[in-house]
Amino acid sequence: MNDRELELAHATRAALRSVPTGVAVVTAVREGEARGITINAFTSVSLEPPTLLICVNRQARSYLYIAHSRRFALNVLAADQREIAERFSGKRREMQFEGLSVERGIGGIPLLAGAVAHFECAVSQEHAVGSHSIFIAEVERATHRAGEPLGYFDGAFRSFALERTS
Ligand SMILES: Cc1cc2nc3c(=O)[nH]c(=O)nc-3n(C[C@H](O)[C@H](O)[C@H](O)COP(=O)(O)O)c2cc1C
């Protein structure tokens, strides 16, 4: 990158600190082994058919699990699951799920207990963009529960104040 590109990347990163997001762990299984990765780059795409997208760094270990199996679960974390977000954003090589309560979803993919929403998805498209791949996926099952989601804003995990604005 030249100086101008570096400056633009820096400014983009800084401006993104002003964008609040939810936090999710994407889980996937490859050859019987499960892996998860914390992400905040996820959003809905369509309801006809129900479709969402996630963005995953192709350097991440989880990338190959998703790219090869073409299936994943998006576990949207609750406000009290900050430690789970930290666990799945660390470079822990093994035993990622040790001590966690999980159910097995479609294809044996782990669903994290306590999440506010689970989306079980089948990848329909992958688009490589820069360092990341966008996975567009059809939702095959979606569940949710009442509760406050975990937020991320200005470089830190946050709780959302759930009062409605007037
Ligand atoms: C709040 C937060 C949001 C993140 N969002 C993303 C994301 O959207 N996509 C991504 O590829 N990595 C994201 N990461 C980084 C991954 O969680 C991190 O690189 C992880 O260690 C990769 O693990 P792996 O190499 O074991 O798969 C995020 C991390 C944090 C803490």
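Scroll up a little and you will see the structure.
To keep things clear, this report deals only with the structure shown in the data block. Computed from a predicted model, the values in this text were never measured in an experiment.

Another aspect to go through is helix α1 (residues 3–16). The terminal C-alpha atoms of α1, which comprises 14 residues, lie 20 Å apart, in line with the 20 Å expected from a rise of 1.5 Å per residue. Its side-chain oxygen placed 3.1 Å from the backbone nitrogen of Arg4, Asn2 serves as the N-cap of α1.

This part covers the site of the ligand. The environment of the ligand is formed by 19 residues, the closest being Arg35, Thr38, Asn57, Arg61 and Ser62. Residue Cys55 places a main-chain N or O atom 2.9 Å away from a nitrogen atom belonging to the ligand. The separation between an oxygen atom of the ligand and a polar main-chain atom of Asn57 is 2.7 Å. Here the ligand, which alone exposes 650 Å², has 84% of that area covered by the protein. Counting only elements with at least two residues in the shell around the ligand, the list comes to β3 (33–39), β5 (50–57) and α2 (61–69). Sorting elements by how many residues they give to the shell around the ligand places β3 first, with four residues.

Calculation criteria
- Residue numbers here run from 1 along each chain, matching the order of that chain's written sequence.
- The predicted origin of the model limits local features to residues at a pLDDT of at least 70 and limits the giving and counting of side-chain atom pairs to 80 or more, whereas totals for whole chains, interfaces and linings rest on all residues.
- Calculated side-chain values reflect all of the structure's heavy atoms, with hydrogen atoms and water omitted.
- Each helix corresponds to a stretch of at least 4 residues labelled H or I by DSSP, and each strand to a stretch of at least 2 residues labelled E; elements are numbered beginning at the N terminus.
- Here the expected span of a helix is defined as 1.5 Å times the quantity of residues minus one.
- Counting of polar contacts relies on pairs of N or O atoms within 3.5 Å, with two restrictions inside protein: one atom must be capable of donating a hydrogen and the other of accepting it, and residues adjacent in sequence are counted only when both atoms are side-chain atoms.
- Throughout, near means a residue has at least one heavy atom within 4 Å of the molecule or strand.
- Accessibility throughout is a Shrake-Rupley quantity obtained with a 1.4 Å probe, and a residue counts as covered only by protein chains that appear here.

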